[in-house]
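# Descriptive analysis of the structure
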Amino acid sequence: MALSFPDYLDLDYTAGRDETADAYPTLEDKLEKAASVTRTALEQYERPAIMWTGGKDSTVVLYVVREVAADLGVPVPPVVFIDHFEHFDETEAFVHEWTDRWNLDLIVARNEDFARIGAEPGDEIPLSDLSESTRRELARLGYEGDTIVLDADTFEGNHLLKTVALNDVITEHGFDGIFSGVRWDEQDARADETFFSPRHDSEKYPPHDRVHSILQFTEADIWGAFWNYIVPDAVDGYPVGHVPQTTNDLPEGTHPTDLPVSPKYFEGFRSLGTESGSSKSDDRPAWVQDLAASKERAGRAQDKENLMERLRDLGYM
């Protein structure tokens, strides 16, 4: 493993180790740390990029990057949206709408092997129809079947449709630092992440670093950032700190589509994955729900703890 990669960086890869969100007691403390990590990243990486799913966590990351980039007088890095073929239509529409509003450089990454054959979610695909590189990735996972069902919520599908797509775009564009919206409190598998996380083993993935600027946030903190900063900055006249209880509780003349908040969160989803693999346990908006009473990703079929370490070792976000 080439721990010196890339040789122009001077980073503390242990920063954040053994810390918890308790080390940052207020929302302002958390945002200040996010800004500090982001500033270091924008100053050090020559070709950074931002992973943006259109979800709440990555939108907070994007907001902080945009703010710090403006302070530094540097361009906002490209944003990468991974098309795993199973997004909610609303998610894709949201990403493209706010790409235009924020004047972002959007890169859509996908596994072109499946796009080439016109595969749809649920299709059973003979491995003989796939490229040698895709078959090699399946062999790397120990997959022994003659066909594979296109499903981003399986172990194999997650790797082929998300991780491989990400690795391909990193290689194509030469990205050296990838901003990612993971948090310590999401899952046990992420509790030991650091603010700057090396991915330098070239036998596993194209060497790069992950920049985890919001590790210190909780789910409640994420929504606090929206209603106190992100939404008021994006919507003229929106009262700072106003938390709408329903879509009818927005300021007069304001519609949910005016907000940089995915409409699926208004419907009650707390985490957005695939259309078939995501569900909601409450009809109230995500931020109104009792966030401590249930797991945030309870409706996400893929995120089973016993798979996370295997996926992360392959480069999963």
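Quick note: structure is the one above.
Keep in mind that this is a model prediction, so the values were computed, not measured.

## Some remarks on the overall build of the protein
- For the protein, the helix and strand inventory stands at 9 helices and 8 strands.
- Relative to the compact-globule value of 20 Å for 317 residues, the protein shows a C-alpha radius of gyration of 19 Å, a close match.
- Split into buried and exposed, the 317 residues of the protein put 54% on the buried side.
- If you take every contact in the protein between residues at least 6 apart in sequence, the share linking residues at least 24 apart comes to 68%.
- Of the roughly 14100 Å² of accessible surface on the protein, 44% is carried by carbon and sulfur atoms.

## Observations concerning the pattern of salt bridges
- All told, the structure shown has 15 salt bridges when counted by the stated rule.
- With a closest N to O distance of 3.6 Å, E90 and K264 form a salt bridge. On the criterion of sequence distance, the pair formed by E90 in helix α3 (residues 89-101) and K264 in helix α8 (residues 263-267) is long-range, its members being 174 residues apart.
- Overall, E90 belongs to the partly exposed group, its relative accessible area being 32%.
- Of the residues examined, K264 reaches a relative accessible area of 5% and is grouped as buried.
- Of the charged contacts in the structure, one is a salt bridge between E97 and R101, with a shortest N-O distance of 2.7 Å. Of this pair, E97 and R101 both sit in helix α3, separated by 4 residues, roughly a single helical turn.
- By relative accessible area, E97 is classed as partly exposed at 36%.
- The network of salt bridges with shared partners includes K56, D57, R183 and D185.

## Some remarks on helix α2 (residues 56-72)
- Taking 1.5 Å of rise per residue, 17 residues should cover 24 Å, and α2 covers 24 Å from first to last C-alpha, within 8% of that figure.
- With respect to burial, α2 is a largely interior element, 12 of its 17 residues being buried.
- Buried within α2 we find K56, D57, S58, T59, V60, V61, L62, Y63, V64, V65, V68 and A69.
- Just downstream of α2 lies G73, where phi reads positive at about 70°.

## Regarding the sheet that holds strand β2 (residues 79-82)
- Spatial ordering of the open sheet is given by β3-β2-β1-β6-β8-β7, a layout of 6 strands whose pairing is mixed. Looking at strand neighbours, the two that pair on one side only are β3 (106-109) and β7 (196-199), the edges of this open sheet. Taking each pair of neighbouring strands and ignoring which way they run, the sheet shows an average axis angle of 30°.
- Of the strands in this sheet, β1 (48-51), β2, β3, β6 (177-179) and β8 (208-211) touch helix α6 (residues 155-173), which is tilted by about 150° from β2.

## Details of the side chain of D83
- Here D83 shows up in the loop between β2 and α3.
- Of the buried charged residues, D83 lacks a salt bridge, with R110 as the closest side chain of opposite charge at 4.3 Å.
- Within the structure, D83 has its side chain in polar contact with the backbone nitrogen of F85 (distance 2.9 Å).

## Looking at α6
- With 19 residues, α6 ought to run about 27 Å at 1.5 Å a step, and its terminal C-alpha atoms sit 26 Å apart, in line with that.
- Along α6, the sharpest kink reaches roughly 30°, centred on T163.
- The buried fraction of α6 amounts to 14 of the 19 residues, a majority that puts the element mostly inside the structure.
- Immediately beyond the C-terminal end of α6, within one or two residues, lies G174, with a positive phi of roughly 70°.

## Comments concerning empty space enclosed by the protein
- The full count for this structure, using the stated rule, is 2 cavities of 30 Å³ or more.
- Computed from the structure, the second largest cavity encloses a volume of approximately 30 Å³.
- Lining of the second largest cavity is provided by F114, I148, V149, L150, G157, L160 and L161.
- Elements represented by at least two residues in the lining of the second largest cavity include exactly β5 (147-149) and α6.
- It is α6 that contributes the most residues to the lining of the second largest cavity, 3 residues altogether.
- The residue makeup of the lining of the second largest cavity, split by class, is 6 nonpolar, 1 polar and no charged.

## Observations regarding the packing of helix α1 (residues 27-44) against α2
- Running from N to C, α1 and α2 cross one another at 60°; their axes reach a closest spacing of 9 Å. Judged by the angle between their axes, α1 and α2 are oblique. Taken as a pair, α1 and α2 cross one another with a handedness that is right-handed. Only V64, V65, V68, A69, D71 and L72 of α2 make contact with α1, whose side of the interface consists of L31, A34, A35, T38, R39, L42 and E43.
- For the contact of α1 with α2, the per-class residue count stands at 9 nonpolar, 1 polar and 3 charged.

## A short note on the environment of E92
- Structurally, E92 is set in helix α3.
- The class of E92 is partly exposed, set by a relative accessible area of 28%.
- When the C-alpha positions of E92 and D29 are compared, they lie 32 Å apart, and in sequence the two are 63 residues distant.
- For E92, the contacting residues outside a window of four places in its chain are F81 and H87.

Cut-off values and rules
- Residues numbered from 1 in each chain as written.
- Predicted model: local features only at pLDDT ≥ 70, side-chain atom pairs only at ≥ 80, totals over all residues.
- Heavy atoms only, no water.
- Helix = DSSP H or I, 4+ residues; strand = E, 2+ residues; numbered from the N terminus.
- Rg over C-alpha atoms; globule rule 2.2 N^0.38 Å.
- Buried < 20%, exposed > 50% of the residue type's maximum accessible area, 1.4 Å probe, protein only.
- Contact = heavy atoms within 4.5 Å.
- Areas by Shrake-Rupley, 256 points an atom, 1.4 Å probe, with all protein chains shown as cover.
- Salt bridge = Lys/Arg side-chain N within 4 Å of Asp/Glu carboxyl O.
- Expected span 1.5 Å × (residues − 1).
- Pairing = 2+ DSSP bridges.
- Axes fitted to C-alpha atoms, helices over the stretch in contact; angles between N-to-C directions.
- Lys, Arg positive; Asp, Glu negative; His and termini not counted.
- Polar contact = N/O pair within 3.5 Å; in protein donor to acceptor, adjacent residues only side chain to side chain.
- Bend = angle between axes of the 7 residues up to and from the residue.
- 1 Å grid on protein atoms, 1.4 Å probe; cavity = no way out; pocket = protein on both sides within 12 Å on 5 of 7 lines; lining within 4 Å.
- Points joined across faces, edges and corners; volume = space filled by probe spheres on them.
- Nonpolar A, V, L, I, M, F, W, Y, C, P; charged D, E, K, R; others polar.
- Parallel < 35°, antiparallel > 145°, perpendicular 65-115°, else oblique.
- Left-handed = near helix turned anticlockwise from the far one by under 90°.

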